[in-house]
Structures are given as structure tokens and as C-alpha cells.
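The chain contents come next:
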Amino acid sequence: MKKFLKIVAIVAVVLIAVALVVPLALKSKVGDIVKKEAGELLTAEVDFRSLDLSLLRHFPNASLDLKGLTLVGVDRFEGDTIVAAQRISVVVNLMSLFGDSGFEVTKVILSSPAVHAHKLADGAVNWDVMKPSDEAAEETPAEESSEPSSFRMSVRDFRISDAAIRYEDDSTNMRFSTAPLSLRLRGNMSADRTDLDLRLTAKGMRFVSARRELLSDAEAELVAVIDADLANNRFTFSRNTLRLNAISVGLDGWVELDGDAVAMDLKAGCDKVQFKDVLSLIPAFYTREFKNLTAGGELSMELWARGEMRGPALPAFELKTEVRNGSFQYSSLPKAVTGITIDARAANPGGTADATTVDVPTFALTMAGNALRGSFSAATPMSDLRFKAAAAGKVDLGAVKEVYPLGDSIALAGVVTADMQASGRMSDIERERYEAIAASGRLTVEGVTAALAGLPEVKVRRAAMSVSPAALTLSELGVTVGRSDIEASGTLSNYIGYLLRDQTLRGRLDVRSSLLDLNELLGDASEASADTGAAAAPAGTAGGGNDA
């Protein structure tokens, strides 16, 4: 018996020694192999600080730890870190390494990864880092390439912690970022059918489109249990919730992948969301003053998509949103915005994106007793945009500070009144067929004062403008900027093309002034000239040697 125990002890010691020595002996060699293979596959530069192998840390599983991983772009993206990760850990069932049924990866952990995706204005992307396939591989006989592979990899637990994601698109001026992001996905991904348990949390979300900030410091959470039929690539959603700030949306239905097509029957919606939760999504409201905001009213939303998405073809879908009796007021301010009503619908019967229609028949609110209303509709957005829009109401700028905290650096006063309508097709705008466009209305501004810290005060005594399809006619404009005064009248043509298509704005303005103080208007840029003692000169004079 003692001899037997002695043999067992010797074997155990040998196994432990092997488990300790083998990873140390192989670590350097495996690291060199990984870098060599990555260099042959990728155009980007791959590096890492250390690679550790262990047969004991998760025994009876083997583990691999990769620390300080970086993937850096080259050529046009030289110096651009595409991916960086503090640590990547992979745990593998040790016994699966000796079979032919595939590797069983029990756990994959990505700690503090950072991803930066960048698309240039010409369409080049920094994540296109794969080298072209070898011609020899492309010429592999069909009978060889069609043989099924005996390699399979099963992942049961996938985690990402404290990730930072950043996306920049220079072609559309779109920006998105979030940090930190955490994800956990569990399920037997080698089985024909399994339940996938997904938990995703993203904080500090920011979204900018066309240089407009649409989302700031937002938080999202997805909790989903997905019935995954992996053999048929069909995924059924149930008991799933997506939360954006305080707005929760339920998701039901299924998605099926078939080659380059995606078939679906999905439905999402939320009922009776508090209007304050809606305001939390708007960066102008979601500030340090948000906790002092009280709001009333509710929002409801319903979305469904049904059909197949293949190439440019879209499934049928409809999105409807309604806000009823919305209002908000800051506790530190005397007045409220009330009567907020919104009806919006976007739909497509299925087919091309050009069949999409957008309709906002009602947008209305009352601000400190002044009513505003508007409407908008659009169709055929891809081939020839057809639009119709209207806006009418009165805004007392002096009342803005009574409903919204502007801060001490901004002062507003005056009244703006508008009643304008426009409708037509984009093709008529591009061909300057203004007779086919309906546009009419009038805009007046009276007694407007705007003062910003560090800038001269701007006063608009009165401005009146009428709208026609061909031009904006400025019948009257009187402005004072600090000591300078300006009066103007005239017309601006092709304004619709300028606003919608970034075309050239043309026109003629008659401008008159009795005094232009350029030192005051140009601010810091003219301080050096002001030091020479030059005085501001009336328009039409030599200016007394003023270098401004």
C-alpha cells in the first residue's frame, strides 16, 4: 500500500511539474507564433506585452492570458490605434484539446478593450486590415474546399468589461461613443439549439449627426433571453427589454438568417412613458438642472417590421409615436411650457427605401402663453423627395428665460412672429423650376435684443421678410451691434436649394450705415489696431488711418 501511495505521489509531482514547466517553456514560442501568424494575415501592426499559459489556474481547464494587446493602423491610418485591450483571457476544456469534436471554450473575457472605428470622407475605413487571400488558396479545388471541417469551437461564457467604443464617419459627420460598456453572453453556442442569455449595459453614450448632438451622456441596457435555433439560424425573442435612460421598450418576434437575406417578424413598443423620461434623451434638457425639472404628459410608441431584408430591399415597417398633454417646468423658473402634442409616423409597405413615407401632422406647444404649431410630411426620399411643411406662431424671446435656464451670460428680448408654408419636389428645386413649388408666408422680428458675455450687444429694431418660391424678400432690416448700426433691404434667391442641397445662395442686399466700429465688431483681432489710437470712422470716409 505504501508503495502504491509513493507511486501516486511521484506521478502527481511529475504532473504538477509538467503543468508548471511546459507553459513556461512554450510561452515564448507561442507568443512568437501568434505575432508571426498575425503579421501574415493583417496589414495592421499587432503587438502585445505578454502571453501567459497555465494548466493549473482553472484546472482541469487550460487558460491563456494575453495582456497589453494593440492593433495599430498603417499607411493613411498610421498611428491610429484601432483596438487595444488590457487583458484577454481564454479558458479551454483541457480534454477537448485531445479529441476531434472541436475545442470547448468555457469562457472568454475581454478586460478594458478600446475600439476606434474611423471612416474617411472617401469611404476608406481603418478596420479593413485583412490581407488579400493568396491566389493558391483561391485556386483550391472545389472538392477539397467543400469538405466539412472537423474543427468546432464552443463558447459558453463571453464577457466584456469596461469597454470604450468610438465610431467616426467623416463622410456623414456622424460620431458615436460610449464608455464604459459591459456585456455578458451565456449559452452553448455549439449546440443545435440553445437559450442565449444576453446582458448589455452602455453608459456615457453620445451621438452626433451632421454636427448636431442628438444624444449626450445617455445610458442603455439590454436584457434578453433568445431562443436560438443555431442549426437553422433562427432567433426568437421573448421576455426582452431595451432601456434607454428611463424609457423601456419590449421586443417580441423572430429573425432568421438565410445567406445574404434576413427574414423577420418583429414588434416593439412602450406604453405610457412619462414625458420627463423623453426629455432626458435631449442633450439641451439633460443637464445638471434636470433634477429640478417637473414634467407631465405621456408618450406611446409602437414599431413593427415584417418581411425580408435582402440587399437594398427592405421589409414592411411602421413606427408611430404620440405625445399627449406634455408639459415641463423648472422649479427655479416662474413659467412652464404646456400643451405639447406630437403625432409622428414613418412607414414602408416593403420593397425599396424610396417607398418610405414620413408624416408629422401635428406638432404644437405653448410657451409662456405663446402658441407654436407645425407640420411636416415627406415621400419618395431616394428618387425625388416630395415634401410639405408649415410653421406658425409667436415667440416672446424675453419669456424664454422664464421657462428655460439660459444662465447669466445670455440675455434675450423681443418678439418673433412667423406663418410660413412650403411644398414641392426636390427635382424642381434642382432645376430651379420655382413655379412648381408652393412657398408663402411672412416672418417679422421686433425689438429683439441679444447679449452674450464678451460680445457687443445686438439689437434688431425691426425685420420683415416675405417668402415666395423664388426668393426671400427682406423689405426691412434695422440692426445695431454695439455702436454700429446697419439698415438693409433686398432679396435672396435659391434659398431652398441652399437649405436642402447646400447649393449657392444668391441675392442682392442694399446696406446702409452711419457708423461701423470695426474694432468693436472684430473684437480681439483688432485690439492691436485699437492701440494706435485710431478712432472709428463714419461709413464712406477714409477712417483716419484705422488699420482694422
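Each chain carries its own residue numbering, running from 1 in the written order of its sequence. Given that the model is predicted, a residue must reach a pLDDT of at least 70 before its local features are reported, and side-chain atom pairs must reach 80 or more before they are shown or counted; all residues, however, enter totals for whole chains, interfaces and linings. Side-chain calculation: all heavy atoms of the structure are included, whereas hydrogens and water are not.

Right, let's talk about the overall build of the protein for a bit. Only DSSP runs of H or I with at least four residues qualify as helices, and only runs of E with at least two residues qualify as strands; both kinds are numbered from the N terminus onward. Helix and strand counts for the protein stand at nine helices and 25 strands. Per-residue burial over the protein gives 33% buried out of 548 residues. Across the protein, contacts joining residues at least 24 apart in sequence account for 48% of those joining residues at least 6 apart. To measure how exposed things are, a 1.4 Å probe is used in the Shrake-Rupley method; for residues, cover is taken only from the protein chains shown. As presented, the protein carries roughly 31700 Å² of accessible surface, and 58% of it is formed by carbon and sulfur atoms. Categorising residues by exposure relies on relative accessible area from a 1.4 Å probe, with only protein chains included: less than 20% of the type maximum marks a residue as buried, more than 50% marks it as exposed, and the intermediate range marks it as partly exposed. Between two residues, a contact is recorded if the distance between any of their heavy atoms is within 4.5 Å.

Two rings belonging to Phe, Tyr or Trp (six-membered ring only in the last case) form a pair when the distance between their centres is within 6.5 Å. Interplanar angles under 30 degrees mark stacking, angles over 60 mark edge-to-face geometry, and anything in between is tilted. Taken as a whole and judged by the stated rule, the model has two aromatic pairs. A ring pair is formed by Trp127 and Tyr167, whose centres lie 6.4 Å apart and whose planes are at 40 degrees; its orientation type is tilted. With Trp127 in the loop between strand S5 (103-119) and helix H2 (135-138) and Tyr167 in strand S7 (residues 157-169), this residue pair connects regions lying 40 residues apart in the sequence. The partly exposed category is assigned to Trp127, whose relative accessible area is 43%. The exposure class assigned to Tyr167 is partly exposed, which follows from its relative accessible area of 21%.

Right, let's get into the pattern of salt bridges. Whenever a carboxyl oxygen of Asp or Glu lies within 4 Å of a side-chain nitrogen of Lys or Arg, that contact is scored as a salt bridge. Tallying each qualifying case throughout the model produces 27 salt bridges. Across the pair Asp157 and Arg184 runs a salt bridge, and its minimum N-O distance is 3.2 Å. Residue Asp157 is located in strand S7, and its partner Arg184 is located in strand S8 (residues 174-186); the two are separated by 27 residues in the primary sequence. The shortest N-O distance in the salt bridge between Asp510 and Arg508 comes to 3.8 Å. Each of the salt bridges in this network shares a partner with another, and the network as a whole consists of Asp157, Arg159, Arg184 and Arg186.

Moving on, we get to the nonpolar core. By convention a nonpolar core is built from buried Ala, Val, Leu, Ile, Met, Phe, Trp, Tyr and Cys residues, the set being connected through side-chain atoms within 4.5 Å. Ranked by internal contacts, the top residues of the largest apolar core, which has 51 residues, are Ile247, Phe275, Leu279, Phe328, Val337, Ile340 and Met367. Ranked by residue count, the leading element in this core is helix H5 (residues 397-403), at four residues. With residues up to four places along the chain from it excluded, the contact list for Ile340 reads Phe275, Val323, Arg324, Asn325, Gly326, Ser327, Phe328, Ala364 and Leu365.

A few words on unusual backbone geometry. The residue after Ala179, namely Pro180, is reached through a cis peptide bond having omega 0 degrees. Note on placement: Pro180 falls in strand S8. Phi is positive for Ser112, close to 50 degrees, though the residue is something other than glycine. Since its relative accessible area comes to 29%, Ser112 is described here as partly exposed. For Ala368, which is not glycine, the phi dihedral falls at a positive 50 degrees. With respect to the element layout, Ala368 can be found in the loop between strand S17 (357-367) and strand S18 (370-379).

Looking now at a nonpolar patch on the surface. A surface patch of nonpolar side chains, about 260 Å² in accessible area, is lined by Ile410, Leu452 and Leu455. Among the structural elements, Ile410 can be located in strand S20 (residues 410-425). Within the patch definition used here, like charges are joined within 9 Å and nonpolar side chains (Val, Leu, Ile, Met, Phe, Trp, Tyr) within 5 Å, considering only residues with over 30% relative accessible area and no salt bridge.

Okay, the environment of Val416 next. Turning to its location among the elements, Val416 is positioned in strand S20. Sequence spacing of Val416 and Lys394 is 22 residues, and the spatial spacing of their C-alpha atoms is 5.8 Å. Sequence-distant contacts of Val416, that is, excluding residues within four places in its chain, are made with Gly393, Lys394, Val395, Leu397, Leu443, Thr444, Val445 and Val448.

What follows covers the pairing of strand S22 (residues 458-467). Where strand S21 (residues 438-452) meets S22, nine bridges bridge the pair, whose relative direction is antiparallel. In the sheet register, Leu443 faces S22, and the bridge partner there is Met465. Note on pairing: DSSP must find at least two bridges between two strands before they are called paired. Hairpin connection between S21 and S22: a loop of five residues separates the two successive antiparallel strands, and Gly454 in this loop has a positive phi of roughly 85 degrees. As consecutive antiparallel partners, S22 and strand S23 (residues 471-481) are separated by three residues.

Of note, His116 is situated in strand S5. Among the polar contacts listed, one links the side chain of His116 to the side chain of Asp80, at a separation of 3.0 Å. Pairs of N or O atoms within 3.5 Å make up the polar contacts considered here, provided that, within protein, one atom can donate a hydrogen while the other can accept it, and that residues adjacent in sequence are counted only when both atoms are side-chain atoms. A distance of 3.5 Å separates a polar atom in the side chain of His116 from a polar atom in the side chain of Arg166. If near-sequence neighbours (up to four positions away) are discounted, His116 is found in contact with Asp80, Thr81, Ile82, Asn126, Arg166 and Glu168.

Across the protein, the average pLDDT comes to 78, with 79% of residues at or above 70. Confidence scores labelled pLDDT are given residue by residue by the predictor and lie between 0 and 100. Contacts of residues 2-22 to residues separated by more than four positions or lying in other chains number four contacts, the stretch itself having pLDDT below 50. Segment residues 142-151 is flagged for pLDDT under 50; beyond a separation of four residues in sequence, or across chains, it makes five contacts in the model.

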